[in-house]
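So you can see what is in the structure, the chains are spelled out below.
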Amino acid sequence: MDEQKNVRIYKDRLRIFLILYFFAEDYSEPSHPSYKKLFKSEVRIQKIDFLLRNPDYLAFELLNIAKKESAKSSGIKKIVTDIFKSKEPTIRRLEMERFFFGAYEDIDDVIGFLKSIDFIDFSSKKSTNLKTIEKHYFITSTAINKMDDNISALPSLKWYVDRCLLIKEYFGDLSGTQLKVAQYQVEEYRDTSYKKYIGSIQGLVVDEYKKIYNEQL
């Protein structure tokens, strides 16, 4: 296996685990004492992952908040400025394909790996047409202990941790469906053909920033 593929596998495992870890709710069940957090819905994983992998779309969503909530406008201005000055929409971008319900990538191998090292467990149900539904992901005490012991000692985690916390601050209360609806408001996203990569919207963000702040990004 080549080095580039190894790096990609590592990044995928890291990103998905951090999404589960930071966006999960506290959980307690006597029959499963090792389960400490619960994350509901693969759709929500996919939509949060899209924001992590596409800083230009994250910036656009933040600007939408700035237009509606003036109290948050100044803080969002700094965040979006930093994202673009750091060239994140190019350097950090990791494309996703558009499937039937928006951005999607198969994460079964990642979930299987995280389960194999006892970081998570998961459950699901079958609908009447045998479609898998109601996916629940449980973060274990093993994973939490590892995070507590290593999160500050691994500088490679810092950008991902900081970005998860930022997304959680502004979008953490939204369901997967709500995130999907918001992302579908962007023409580039909505009009991307099935199984084609969703394109960048850096130009759109620059235009929106100018309209809101009367400054060039």
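Scroll up a little and you will see the structure.
Conventions adopted
Residues numbered from 1 in each chain as written. Predicted model: local features only at pLDDT ≥ 70, side-chain atom pairs only at ≥ 80, totals over all residues. Heavy atoms only, no water. Salt bridge = Lys/Arg side-chain N within 4 Å of Asp/Glu carboxyl O. Helix = DSSP H or I, 4+ residues; strand = E, 2+ residues; numbered from the N terminus. Buried < 20%, exposed > 50% of the residue type's maximum accessible area, 1.4 Å probe, protein only. Arc of directions from axis to C-beta. Patch = residues over 30% accessible without salt bridge, like charges linked within 9 Å, V, L, I, M, F, W, Y side chains within 5 Å. Areas by Shrake-Rupley, 256 points an atom, 1.4 Å probe, with all protein chains shown as cover. Contact = heavy atoms within 4.5 Å. Phe/Tyr/Trp six-rings, centres within 6.5 Å; stacked < 30°, edge-to-face > 60°. Lys NZ or Arg CZ within 6 Å of the ring centre and 35° of its normal. Expected span 1.5 Å × (residues − 1). Polar contact = N/O pair within 3.5 Å; in protein donor to acceptor, adjacent residues only side chain to side chain.

Draft legend 1. A look at the pattern of salt bridges. Summed over the entire model, instances satisfying the criterion amount to 18 salt bridges. Glu 88 is the salt-bridge partner of Arg 163, the closest N and O atoms lying 2.7 Å from each other. Of this pair, Arg 163 sits in helix α8 (residues 158–171) while Glu 88 sits in helix α5 (residues 88–91), and the two are 75 residues apart along the sequence. Of the two residues, Arg 163 and Glu 88, neither departs from the other in class, the shared state being buried. A salt bridge links Asp 191 to Arg 190; its shortest N-O distance comes to 3.8 Å. Each member of the salt-bridge network shares a partner with another, and the members are Arg 8, Asp 12, Arg 15, Asp 49, Arg 53 and Glu 105.

Draft legend 2. Up close: helix α7 (residues 141–150). Considered for burial, the residues of α7 that qualify are Ala 143, Ile 144 and Met 147. Within α7, the buried residues cover an arc of 95° as seen down the axis, which keeps them to one side.

Draft legend 3. Highlighting a nonpolar patch on the surface. The grouping of Phe 100, Phe 101 and Tyr 194 at the surface amounts to a nonpolar patch, some 390 Å² of accessible area in total. Tracing the backbone shows Phe 101 in the loop between β3 (97–99) and β4 (102–104).

Draft legend 4. Structural view of the environment of Pro 155. Among the secondary structure elements, Pro 155 is positioned in the loop between α7 and α8. With 145 residues separating them in the primary sequence, Pro 155 and Tyr 10 have C-alpha atoms 15 Å apart.

Draft legend 5. Quick peek at the side chain of Glu 208. Relative to the helices and strands, Glu 208 is located in helix α11 (residues 202–213). With sequence-adjacent residues up to four places away left out, Glu 208 is seen in contact with Phe 60, Leu 63 and Lys 67.

Draft legend 6. Layout of the packing of aromatic side chains. Counted according to the given criterion, the structure contains 15 aromatic pairs. Pairing Tyr 35 with Phe 138 gives two aromatic rings, centres 4.6 Å apart and planes at 20°, and the pair type is stacked. Here Tyr 35, found in strand β2 (residues 35–40), pairs with Phe 138, found in strand β6 (residues 132–140); they are 103 residues apart in sequence, far enough to count as distant. We note that Tyr 35, like Phe 138, is buried. A connected cluster of aromatic rings, assembled from ring pairs, spans Phe 17, Tyr 21, Phe 22 and Phe 119. Over the face of the ring belonging to Phe 122 we find Lys 115, whose NZ or CZ atom lies 5.8 Å from the ring centre.

Draft legend 7. Broad picture of helix α2 (residues 42–53). When the terminal C-alpha atoms of α2 are compared, their 16 Å separation across 12 residues agrees well with the 16 Å that a helix rising 1.5 Å per residue should span. In terms of burial, α2 is largely enclosed, as 11 of its 12 residues are buried. Burial in α2 covers these residues: Glu 42, Arg 44, Ile 45, Gln 46, Lys 47, Ile 48, Asp 49, Phe 50, Leu 51, Leu 52 and Arg 53. Sitting at the head of α2, Ser 41 places a side-chain oxygen 3.2 Å from the backbone nitrogen of Val 43.

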